[in-house]
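# Residue-level structure breakdown
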Amino acid sequence: MKKITKILTAVLTAGVTALTAVPFQVSAVEKNSNIVLLGDGVFSGAGLSQNDRSCVEILDSMTDAEIHNFSSDTATTADVLALLDDADVQSSLASADVIIVSVGMQDVFVPYIAEVDTIIQEYRDNGYELEHLTDLFDKYMYDYGIGSLDELDVVASQISGRIATAARSKRNDASANLESIGEKLSAYPNAKVMYVNCFNIMDTLSNVADLTSRRQDAYNVIKRPVGSVLNSDKINLNSAIRNNASNYGSTIIDTFNGFAGMAYEYGYLPVLTPNPSRIGHEWIGLEILSGIAEDENSGVMGTLKMGDVNCDGNIDAADAAKVLVHSANKGGGSVGYFGTYAEKIANVSTAGKTLSEGETDEIDAIDAAFILQYAALQGSGEAPDFAEIVKQSN
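Residues numbered from 1 in each chain as written. Predicted model: local features only at pLDDT ≥ 70, side-chain atom pairs only at ≥ 80, totals over all residues. Heavy atoms only, no water.

So, about the packing of helix α6 (residues 149–168) against helix α8 (residues 213–231). Two elements in contact, α6 and α8, have axes separated by 9 Å at closest approach and are oriented at 10 degrees. Relative to α8, α6 is oriented roughly parallel. Here Leu149, Asp150, Leu152, Asp153, Ala156, Ser157, Ile159, Ser160, Ile163, Ala164, Ala167 and Arg168 of α6 come into contact with α8, specifically with Arg214, Arg215, Ala218, Val221, Ile222, Pro225 and Val229. Class assignment for the residues of the contact of α6 with α8 results in 12 nonpolar, two polar and five charged. (Axes fitted to C-alpha atoms, helices over the stretch in contact; angles between N-to-C directions. Helix = DSSP H or I, 4+ residues; strand = E, 2+ residues; numbered from the N terminus. Parallel < 35°, antiparallel > 145°, perpendicular 65-115°, else oblique. Contact = heavy atoms within 4.5 Å. Nonpolar A, V, L, I, M, F, W, Y, C, P; charged D, E, K, R; others polar.)

Here is the structure:
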């Protein structure tokens, strides 16, 4: 039987921000467990269209846990830290089996995006119809008064300095807040604690392969500061999360590396926003499931449905298409489409097989073909089985 979680409202002790949980349905798979979500737009679904599924909805569809979602589109590390002093939140945390935190993107990218908007407005004030910052590095740079690649290098350096200063403006406070969050959550030793770390929204342009090497180099100059703020060995947000993992045994959902090379897919580039896209939410949702499933007592791995790579409850052509995109990206030397959990679901050609030590089975067009075959059999009223489909193909 499905049930609706109650709406949970937590008012921060600072008295300035209210975080309200989003109600959703929970399907029966896993019993008597509680998941508490703390954070920002990743968990509130900020920026998604009405028909897009958030990572929370994916998590919901794969577990029977009672999910307490304390999130806000604009929550910062200070907001979440204050939230941990709220009595209702503490009550939920005390009975939590899993606690998942996603915060930090707002601290870095709100001032960063504000500075980018200022730069764009300066170009407009000078008569240039600049829409996105990334347009400066495309073939239309001459339309914005940049007459040569040498000038582009100078512009990139100037912009880099300004946005780096903006991105760093709250870095130290945010890193300290994250470590304080880790310390406070250590008071709940019975819960598995997970962190969704921060990704670089400027990481990769969709047309980067079409740019000349000089233009790519210039673009790299403006994307690096954010990567450094998020993931360098100095004081930064992701290192604070790594410290929490090291000090308290937490698990990290590594969007920084998982989204690398695919920021235009997993985010909204060239539009700058601190929120993941629908595809980014799928990646995060499945990786959260993978992290939970590492605990043999969680019961989540029993929910794994081979072939349903987008976890929408159906095995169909949409799943096969995602497998082909993943295979093409990997074959082209880029990152794949799937994280570790989705790879287990997508690799249907391993069904009924035992791989020997060191043996691998890549996700490719064969897996897509098996998924389409499964969908066709199911559509004709049969009850297909991937192991049997694989066996008959040999």
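Moving on, there is more to tell.
Strand pairing in a sheet takes place through backbone hydrogen bonds and is either antiparallel or parallel in direction. In spatial order, the strands read β6-β5-β7-β8-β9; together these five strands make up an open sheet with parallel pairing. Taken across any chain shown, the strands that pair with only one partner, and hence form the sheet edges, are β6 (66–71) and β9 (251–253). Here the strands of the sheet are splayed against their neighbours by 20 degrees on average, with no regard to which way each runs. Pairing of strand β7 (residues 98–102) with strand β8 (residues 192–196) involves five bridges; the strand directions are parallel. Note that in β8 the partner of Ile100 across the bridge is Met194. The sheet contacts of helix α7 (residues 171–185) involve β5 (34–39), β7 and β8, and relative to β8 the element is tilted by about 165 degrees. (Pairing = 2+ DSSP bridges.)

Time to look at the nonpolar core. Leu38, Ile99, Ile100, Tyr112, Leu136, Leu185 and Ile288 are the most contacted members of the largest nonpolar core, which has 105 residues in total. If one sorts the elements of this core by residue count, helix α5 (residues 105–125) sits on top with nine residues. Beyond its immediate chain neighbours, meaning those up to four positions away, Tyr112 contacts Ile163, Ala166, Ala167, Met202, Ile222, Val226 and Leu272. (Core = buried A, V, L, I, M, F, W, Y, C linked by side-chain atoms within 4.5 Å. Buried < 20%, exposed > 50% of the residue type's maximum accessible area, 1.4 Å probe, protein only.)

Quick look at the side chain of His281 now. Considering the arrangement of structural elements, one finds His281 in helix α12 (residues 278–293). For His281, the residues in contact, after removing those within four places along its chain, are Gly41, Val42, Gly45, Leu48, Arg53, Ser54, Cys55, Ile58 and Pro276.

If you trace the backbone, Ile99 turns up in strand β7. Residue class for Ile99 comes out buried when judged on its relative accessible area of 0%. Sequence spacing of Ile99 and Val193 is 94 residues, and the spatial spacing of their C-alpha atoms is 4.7 Å. Excluding residues that lie within four positions of it along the chain, Ile99 makes contacts with Val36, Leu38, Leu93, Leu185, Tyr188, Ala191, Lys192, Val193 and Met194.

Here we come to the packing of aromatic side chains. By the definition in use, this model includes seven aromatic pairs. Here Phe137 and Tyr219 contribute two aromatic rings whose centre-to-centre distance is 5.7 Å and whose plane-to-plane angle is 80 degrees, an arrangement assigned as edge-to-face. Of this pair, Phe137 sits in the loop between α5 and α6 while Tyr219 sits in helix α8, placing them 82 residues apart in sequence. Just as Phe137 is buried, Tyr219 falls in that class too. Seen from their ring centres, Phe259 and Trp283 are 5.4 Å apart, and the 80 degrees between their planes marks the pair as edge-to-face. Highlighted residues: Phe259 in the loop between α10 (255–258) and α11 (263–266) and Trp283 in helix α12, separated in sequence by 24 residues. Given a relative accessible area of 9%, Trp283 falls into the buried group. The rings of Phe199, Phe259, Tyr266 and Trp283 are connected pair by pair, giving a single aromatic cluster. (Phe/Tyr/Trp six-rings, centres within 6.5 Å; stacked < 30°, edge-to-face > 60°.)

Another aspect to go through is the pairing of β6. Buried residues dominate β6, accounting for six of its six residues. Both faces of β6 are covered, namely the face carrying Glu66, His68 and Phe70 and the face carrying Ile67, Asn69 and Ser71.

What follows deals with empty space enclosed by the protein. Summed over the entire model, instances satisfying the criterion amount to two cavities of 30 Å³ or more. One number sums up the size of the second largest cavity: a volume of about 50 Å³. Contributing to the lining of the second largest cavity are Asp40, Val42, Ser102, Val103, Gly104, Met105, Val196, Asn197, Cys198, Phe199, Thr255 and Ile284. Here the lining of the second largest cavity is composed, by residue class, of seven nonpolar, four polar and one charged. (1 Å grid on protein atoms, 1.4 Å probe; cavity = no way out; pocket = protein on both sides within 12 Å on 5 of 7 lines; lining within 4 Å. Points joined across faces, edges and corners; volume = space filled by probe spheres on them.)

The set of residues buried in helix α16 (residues 386–393) consists of Phe386, Ile389 and Val390. The buried residues of α16 occupy one face: seen down the axis, they fall within an arc of 95 degrees. Exposed and facing more than 90 degrees away from the buried side of α16 are Lys391 and Gln392. Where α16 is buried, its residues touch α15 (365–379). (Arc of directions from axis to C-beta.)

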